[in-house]
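What follows is the residue order along each chain.
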Amino acid sequence: MNGRFGRFGGRYAPETLMGPLMELEAAWRRLKDEPAFAAELAALLKDFVGRPTALTPAVRLGGELGLTLFLKREDLAHTGAHKINNTVGQVLLAKRMGKTRVIAETGAGQHGVATATAAARLGLSCVVYMGSVDMERQALNVYRMRLLGAEVRAVESGSKTLKDAVNEAMRDWAASVKDTHYVLGSALGPHPFPAMVRGFHEVIGTEARAQVLAAAGRLPDLAVACVGGGSNAIGLFSGFLADASVALVGVEAGGTGFGPGEHAARFAPGEGGGRPGILHGSFTVLLQDGHGQVRDTHSVSAGLDYPAVGPEHAALAESGRARYESVTDAEALAAFDRLARTEGILPALESSHAVAWLCREAKAWKGKLVVLNLSGRGDKDVESVRKARGDG
Ligand SMILES: *Cc1c(COP(=O)(O)O)cnc(C)c1O
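Residues numbered from 1 in each chain as written. Predicted model: local features only at pLDDT ≥ 70, side-chain atom pairs only at ≥ 80, totals over all residues. Heavy atoms only, no water.

### Thoughts on the packing of aromatic side chains
Working definition: an aromatic ring pair is given by the centre-to-centre distance plus the angle between the planes. Short version of the rule: In this scheme Phe, Tyr and Trp rings, the latter by its six-membered ring, pair at centre separations within 6.5 Å, and the angle between planes marks the pair as stacked below 30 degrees, edge-to-face above 60, and tilted otherwise. In this scheme, Lys NZ or Arg CZ marks a charge over a ring once it lies within 6 Å of the ring centre and within 35 degrees of the ring normal.
A full pass over the atoms with the stated rule returns 5 aromatic pairs. Among the aromatic residues, ring-to-ring pairing joins Trp 173, Tyr 182 and Phe 193 into one connected group. Between the NZ or CZ atom of Lys 32 and the centre of the ring of Trp 28, over which it lies, the distance is 5.5 Å. We note Arg 121 situated over the ring of Phe 48; from NZ or CZ to the ring centre the distance is 5.7 Å.

Take a look at the structure:
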């Protein structure tokens, strides 16, 4: 718990953020094991988020693939994805720290909506920073956040997208920490965020492990999840990290190819992939050019479209405990269709990446038992799917 995962992680923050980060770390360490805090969080997860989420046997798709498949249904959590586990946890922590205001960054708007939701439920005011380009692309989520009582502030710097929104939120926090907590949206950023966000998502892995043991009578051979910043994946993996017999696979966005700007596959081998470096306060693996400039990324799924990855995944890749692979936009879109038609579930395009990888690699897992984290529901992506397929 020193903020390091192997040689990755740490706290590379400007002087103005060191105080806020240390205050947060102290509060989190004190509260996370406090029975009253744990009980209040457990009650929120049960009565508000709707946990435990189901572990659904995917009998038709599993049959086609020749393996036994269980889906961990984070799509059934309130607001339709795993992100609410983290925002409810962090907003409750903020409230217990005596903060009255939370801020967040958001790209596609999913984390912004989840933060606004938790803030409304717990009675804190909420400001969400969002690139103006993203606000235009995700107008419905902007409106959702406003309906939930949040203020959405347009970010006009840089590329006017997610990484600029993170910078703006950090600037706000440095100036407002007295009454404000910054709700970071994935297992990223300076210590204690990667460890803390993982902690709030461990419930995914804890539930999945108990559920698969109850349903199948044994541990799975494989646990697989998509990896943007890496929060849903580390949540699932945490349940099986100590079980050496369980293979762990994270699936990144392969976009349209391995050229610069065409993907977000930080662990892709060779020239196209990422190298160690620092972004947003953490030493991790990130996509950068020869001069260390952060590269542009592309993915059909907004939640996977980020140049860096959580430092714990960088360490798991380096140690070999987990493997990271990628699938293309086209493969993810085909998997979206396939899960819809075989299982009656529209998966988020992010989650579709994990499904796509399993479909492609199924032969190697014949007869095996697989748990796949369905990180979110696909209703938000229906318009993107329609456009990508040219269905008018
Ligand atoms: C945000 C998001 C992701 C990617 O974030 P992680 O931190 O990598 O989990 C994946 N799936 C869904 C549905 C999301 O909303």
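### Structural notes on the sheet that holds strand β13 (residues 322-327)
We count it as follows: Two strands pair if DSSP finds at least two bridges between them. Secondary structure elements follow DSSP: runs of H or I no shorter than four residues count as helices, runs of E no shorter than two count as strands, and numbering proceeds from the N terminus. For helices, the axis comes from a line fit to the C-alpha atoms of the stretch in contact; other axes are also lines fit to C-alpha atoms, and the angle between any two N-to-C directions lies between 0 and 180 degrees.
An order of β3-β4-β14-β9-β10-β13 is seen for the 6 strands of this open sheet, with the pairing classed as mixed. A single partner strand is all that each edge strand has here, and the edge strands are β3 (55-57) and β13. The mean angle between the axes of side-by-side strands here comes to 25 degrees, regardless of whether they run parallel or antiparallel. Examined bridge by bridge, strand β10 (residues 247-253) and β13 share 6 bridges and lie parallel to one another.

### Some points on helix α2 (residues 35-49)
Inclusion rule: Each helix should span, by expectation, one fewer than its residue count multiplied by 1.5 Å. Each residue is placed in one exposure class: buried if its accessible area under a 1.4 Å probe, protein chains only, is under 20% of its type's maximum, exposed if it is over 50%, and partly exposed if it falls in between. This arc describes the spread of directions from the helix axis toward the C-beta atoms. The contact criterion used throughout is that any non-hydrogen atoms of two residues lie within 4.5 Å.
The end-to-end C-alpha separation of α2 is 20 Å, in line with the 21 Å expected for 15 residues at 1.5 Å each. Within α2, the full set of buried residues consists of Phe 37, Leu 41, Leu 44, Leu 45 and Val 49. Burial along α2 is one-sided: seen end-on, the buried residues are contained in an arc of 95 degrees. Of the exposed residues in α2, those oriented more than 90 degrees away from the buried face are Pro 35, Lys 46 and Asp 47. Residues of α2 that are buried make contact with α1 (15-32), α4 (83-96), α5 (110-122) and α9 (193-216). Of the residues flanking the end of α2, it is Gly 50, one or two places downstream, whose phi is positive at about 90 degrees.

### Let's talk about the pairing of strand β5 (residues 101-106)
Burial runs high along β5: 6 of the 6 residues are buried. Covered by surrounding structure in β5 are Arg 101, Ile 103 and Glu 105 together with Val 102, Ala 104 and Thr 106, the residues of both alternating faces. The pairing of β5 with strand β6 (residues 125-131) spans 6 bridges and is classified as parallel. Bridge pairing in β6 places Ile 103 opposite Val 127. Two elements, β5 and strand β8 (residues 180-182), share 3 bridges in a ladder whose sense is parallel. Within the sheet, the bridge partner assigned to Arg 101 lies in β8 and is Thr 180.

### What about the pattern of salt bridges?
Side-chain pairs of opposite charge can arise where the charged atoms are in close proximity. Selection criterion: We count a salt bridge whenever a side-chain nitrogen from Lys or Arg sits within 4 Å of a carboxyl oxygen from Asp or Glu.
Inspection of every chain in the model, using the stated rule, returns 33 salt bridges. Linking Arg 218 and Asp 221 is a salt bridge whose minimum nitrogen-to-oxygen distance equals 3.0 Å. Classification of Asp 221 as buried rests on a relative accessible area of 16%. Connected via shared salt-bridge partners are Arg 51, Lys 72, Glu 74 and Glu 207.

### Quick notes on the site of the ligand
Keep this limit in mind: Nearness of a residue to a molecule or strand requires only that one of the residue's heavy atoms be within 4 Å of it. Here a polar contact means two N or O atoms within 3.5 Å. Within protein one must be a hydrogen donor candidate and the other an acceptor candidate, and residues neighboring in sequence count only if both atoms are side-chain atoms. Per-residue and other accessible areas were derived by the Shrake-Rupley procedure at a 1.4 Å probe size, with only the shown protein chains allowed to occlude residues. Each residue gets one label: Ala, Val, Leu, Ile, Met, Phe, Trp, Tyr, Cys and Pro are nonpolar, Asp, Glu, Lys and Arg are charged, and the others, such as Gly, are polar.
Taken together, 16 residues lie around the ligand, and Lys 83, Ser 186, Gly 228, Ser 231 and Ser 375 are the ones closest in. Here an oxygen atom of the ligand and a side-chain polar atom of His 82 are 2.9 Å apart. Here Ser 375 contributes a side-chain N or O atom positioned 2.7 Å from a nitrogen atom of the ligand. In the complex, the protein chains occlude 97% of the 390 Å² of accessible area that the ligand would expose alone. A per-class count over the shell around the ligand returns 4 nonpolar, 10 polar and 2 charged.

### Comments concerning the side chain of Arg 266
Tracing the sequence through the fold places Arg 266 in the loop between β10 and β11 (275-279). The buried category is assigned to Arg 266, whose relative accessible area is 1%. Reaching out from Arg 266, the side chain makes a polar contact with the side chain of Glu 252 at a distance of 2.7 Å. Excluding residues that lie within four positions of it along the chain, Arg 266 makes contacts with Val 227, Gly 228, Glu 252, Gly 273, Gly 274, Val 285, Leu 286, Leu 287, Tyr 306, Pro 307, Ala 308 and Val 309.

### Side note on the side chain of Asp 243
Inspection of the secondary structure puts Asp 243 in the loop between α10 (231-238) and β10. For Asp 243, a relative accessible area of 13% translates into the label buried. In this structure the side chain of Asp 243 is engaged in a polar contact, spanning 2.9 Å, whose partner is the side chain of Arg 209. Those residues in contact with Asp 243 that sit more than four places away from it in its chain are Arg 209, Leu 219 and Arg 321.

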